[in-house]
Amino acid sequence: MQKCYICGYGEMEEMTYRYQYRTDTFRGSFPDIKIMFCSKCRLLQTNVENKHDNEVKMAEYYKKEYRGGCDAPKLHDKNSKYYLRGREIANIIKKNNDRDAMSVFEKGCGWGINLLCIKELFPKAEMYTDEPDEHTTEILRNIGIKRAESGKMFDVIIMSHVLEHLLDPVNEIRWAYEHLIANGLLYIEVPNSMNFAEPHVTFWTKDTLLKFFQNVFRLQFDVVECYTTGYPYYVMNNEPYMITYKNWKFVQKIIPASRMQNRKTKNGVYLKLLLRKKEI
């Protein structure tokens, strides 16, 4: 029986939203994906079960397929949306952290742009990742981003556009808690629900994201801030989870990357959440 990834509730309701595949590899590994709704914690997720075999398939996909054929972005292009996103993350950390020399870990850092932006504001910081993609390995090595060794503790952990890819988000947040120093920061950014597309497996709103931490990790973390940012591109009336593709294409053309990253709106395209590890 399909169970909720967060609360374990076993009576999931199948929704009518259509999942969008992008590669034959993902479709072959996870055919006929359905969108499921948990009436207990209100999370939307796929019907891909949280089990070892599926985790292995996911790991192989992210290692070989996810960025296969993609050109690396220009790492220091200060007009790119990637740099602007990284710079905002760096500014949020700067506002809430008074350490200069610190260790920063980003789960699945991609090409490393977020970490480079943090390095600009914290020149003495050491940068670590567990990025599995074989296409980025040499680039990350060349810009000084290290592989995190077992048992290392961090001042800051970043999960930027990671949580929506996880079959077991509870276990990953537990790992982050165990590897943060006391009062360390955990930064999370996810799409503001409803991009039902490969390879996303969970779909978040501000309400479900906050409840996840308030219910499951209330003893481990304090919420520092949580808000949405970017231009609201989906309909929030009768169909709160419906992407309007036409509106999204319109937004891509006319909204500058800086507005997409930095403008706070009621229902923007991204959710940003900053947490601080409690001293217990």
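Residues numbered from 1 in each chain as written. Predicted model: local features only at pLDDT ≥ 70, side-chain atom pairs only at ≥ 80, totals over all residues. Heavy atoms only, no water.

Q: Quick question: what am I supposed to make of the sheet that holds strand 9 (residues 202–203) here?
A: Two orientations exist for strands paired in a sheet by backbone hydrogen bonds: parallel and antiparallel. Overall, antiparallel pairing links the four strands, which are arranged 1-2-3-9 in an open sheet. Bordering the open sheet on either side are strand 1 (13–14) and strand 9, each of which pairs with just one other strand. Bridging between strand 1 and strand 2 (residues 35–37) involves two bridges; their strand directions are antiparallel. Along strand 2, the bridge assignment pairs Glu14 with Met36. (Pairing = 2+ DSSP bridges. Helix = DSSP H or I, 4+ residues; strand = E, 2+ residues; numbered from the N terminus.)

Q: Would you mind showing me how to read the packing of aromatic side chains here?
A: What characterises a pair of aromatic rings is the spacing of the ring centres plus the angle enclosed by the ring planes. Considering all chains together, one arrives at 19 aromatic pairs under this definition. Ring geometry for Tyr19 versus Tyr21: centroids 5.4 Å apart, planes at 75°, classification edge-to-face. Each member of the pair, Tyr19 as well as Tyr21, is classed as buried. By way of ring pairs, the aromatic residues Tyr19, Tyr21, Phe26, Phe30, Tyr61, Tyr62 and Tyr66 are connected into one cluster. Lying across the ring of Tyr270, Arg85 places its NZ or CZ 5.1 Å from the centre. Over the face of the ring belonging to Phe122 we find Lys94, whose NZ or CZ atom lies 4.9 Å from the ring centre. (Phe/Tyr/Trp six-rings, centres within 6.5 Å; stacked < 30°, edge-to-face > 60°. Buried < 20%, exposed > 50% of the residue type's maximum accessible area, 1.4 Å probe, protein only. Lys NZ or Arg CZ within 6 Å of the ring centre and 35° of its normal.)

Q: Just to check I follow, could you spell out the packing of helix 3 (residues 81–96) against helix 4 (residues 113–121) for this structure?
A: Helices that pack against each other are described as a pair by the angle of their axes relative to one another and the distance between those axes. Relative orientation of the contacting elements helix 3 and helix 4 amounts to 45°, with a least axis distance of 8 Å. Considering the angle they form, helix 3 stands oblique to helix 4. Where helix 3 crosses over helix 4, the two elements pack in a sense that is right-handed. Where helix 3 abuts helix 4, its residues Tyr82, Tyr83, Arg85, Gly86, Arg87, Ile89, Ala90, Asn91, Ile93 and Lys94 lie against Ile113, Asn114, Cys117, Ile118, Glu120 and Leu121. (Axes fitted to C-alpha atoms, helices over the stretch in contact; angles between N-to-C directions. Parallel < 35°, antiparallel > 145°, perpendicular 65-115°, else oblique. Left-handed = near helix turned anticlockwise from the far one by under 90°. Contact = heavy atoms within 4.5 Å.)

Q: Please clarify how the packing of helix 6 (residues 169–178) against helix 7 (residues 206–216) should be interpreted in this entry.
A: Contact geometry of helix 6 with helix 7 gives a least axis separation of 12 Å together with a crossing angle of 65°. Here helix 6 runs over helix 7; the crossing is right-handed. Across the interface between the two elements, Pro169, Val170 and Ile173 of helix 6 pack against Phe212, Phe213 and Val216 of helix 7. Its residues assigned to classes, the contact of helix 6 with helix 7 comprises six nonpolar, no polar and no charged. (Nonpolar A, V, L, I, M, F, W, Y, C, P; charged D, E, K, R; others polar.)

Q: What should I look at first to understand the pairing of strand 11 (residues 270–277) in this one?
A: Moving residue by residue along a regular strand, the side chains alternate between the two faces of the sheet. Among the eight residues of strand 11, seven are classified as buried, and the element is accordingly described as predominantly covered. The pairing of strand 8 (residues 180–191) with strand 11 spans seven bridges and is classified as antiparallel. Within the sheet, the bridge partner assigned to Glu189 lies in strand 11 and is Lys272. Inspection of the sheet shows strand 10 (residues 221–229) paired to strand 11 by eight bridges, in the antiparallel sense. Opposite Tyr227, over in strand 11, you have Lys272 as the bridge partner.

Q: I'm lost on the sheet that holds strand 11 in this one. Help?
A: Pairing within the open sheet is mixed, and its seven strands lie in the order 6-5-4-7-8-11-10. Looking at the sheet topology across the chains shown, the edges are occupied by strand 6 (146–147) and strand 10. Sheet topology note: the strand 4 (residues 103–106)/strand 5 (residues 126–129) ladder contains four bridges and is parallel. By the bridge assignment for strand 5, Phe105 is matched with Tyr128.

Q: Just to check I follow, could you spell out the pattern of salt bridges for this structure?
A: When charged atoms on two side chains of opposite charge get close, those side chains can pair. Within this structure, the stated rule accounts for 16 salt bridges. The shortest N-O distance in the salt bridge between Arg67 and Glu131 comes to 3.4 Å. One end of the pair, Arg67, is in the loop between helix 2 (52–64) and helix 3; the other, Glu131, is in the loop between strand 5 and helix 5 (137–142), and 64 residues separate them in sequence. Just as Arg67 is buried, Glu131 falls in that class too. Of the charged contacts in the structure, one is a salt bridge between Arg99 and Asp155, with a shortest N-O distance of 3.3 Å. Placement of the pair is Arg99 in the loop between helix 3 and strand 4 and Asp155 in strand 7 (residues 154–160), with a sequence separation of 56 residues. By relative accessible area, which is 24% here, Arg99 ends up partly exposed. Judged by its relative accessible area of 11%, Asp155 falls in the buried class. Counted as one network, the salt bridges with shared partners bring together Arg85, Glu88, Glu189 and Lys272. (Salt bridge = Lys/Arg side-chain N within 4 Å of Asp/Glu carboxyl O.)

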